[in-house]
Amino acid sequence: MRNISFSMTTQAFKDHRKTVTRRIGWAEVKPGDVLMGIEKGQGLKKGERVVRLGKICVVGARWEPLDCIDQADVIREGFPGMTPEQFIQMFCKHNKWEPGKDVRRIEFEYL
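What counts as what
Residues numbered from 1 in each chain as written. Predicted model: local features only at pLDDT ≥ 70, side-chain atom pairs only at ≥ 80, totals over all residues. Heavy atoms only, no water. Buried < 20%, exposed > 50% of the residue type's maximum accessible area, 1.4 Å probe, protein only. Helix = DSSP H or I, 4+ residues; strand = E, 2+ residues; numbered from the N terminus. Pairing = 2+ DSSP bridges. Disulfide = S-S within 2.5 Å. Polar contact = N/O pair within 3.5 Å; in protein donor to acceptor, adjacent residues only side chain to side chain. Contact = heavy atoms within 4.5 Å.

Caption draft 1: Fine view of the pairing of strand β3 (residues 34-38). In terms of residue burial, β3 counts as a mostly covered element, since 4 of its 5 residues are buried. Note that strand β1 (residues 2-5) and β3 share 4 bridges and pair parallel. Residue pairing for β3: R2 is matched across the bridge by L35. Pairing analysis gives 5 bridges linking β3 to strand β4 (residues 52-65), with the strands arranged antiparallel. Residue pairing across strands places I38 opposite R52, the latter belonging to β4.

Listed below in structure tokens is the structure:
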């Protein structure tokens, strides 16, 4: 089972408020795939272990320009206090990305 990190939205994941995530790459993910949500997968220090948050099942996956996100999806991403513009700015800064470039929108449900 493949891990998927929710380091920026760990609490929203734990609270089951996050049901959509946008990723760079992840071309092979498809509906029906079961993934293990984790706190973080990269940058672990010596002796640190992956912290599992729970299993999710992909219910939808598609490519779309990052700047197509609407307010409803910003909330589903786990950022209810942000506007779409603020989310795009944060995503681009964190991922060194550009607003008009495609990202993989992955919709999931908790198992």
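Caption draft 2: Structural context of the state of the cysteines. Applying the stated criterion across every chain yields a total of 0 disulfides. Here C68 stays unpaired: no disulfide links it, and the sulfur of C92, its closest cysteine neighbor, is 13 Å away. Overall, C68 belongs to the partly exposed group, its relative accessible area being 48%.

Caption draft 3: Geometry of the side chain of E77. Structurally, E77 can be placed in the loop between α2 (71-76) and α3 (84-95). Using a relative accessible area of 2% as the deciding quantity, one classes E77 as buried. Polar contacts involving the side chain of E77 include one to the main-chain amide nitrogen of R22, which spans 3.0 Å. Beyond its immediate chain neighbours, meaning those up to four positions away, E77 contacts T9, K18, V20, T21, R22, I69 and F87.

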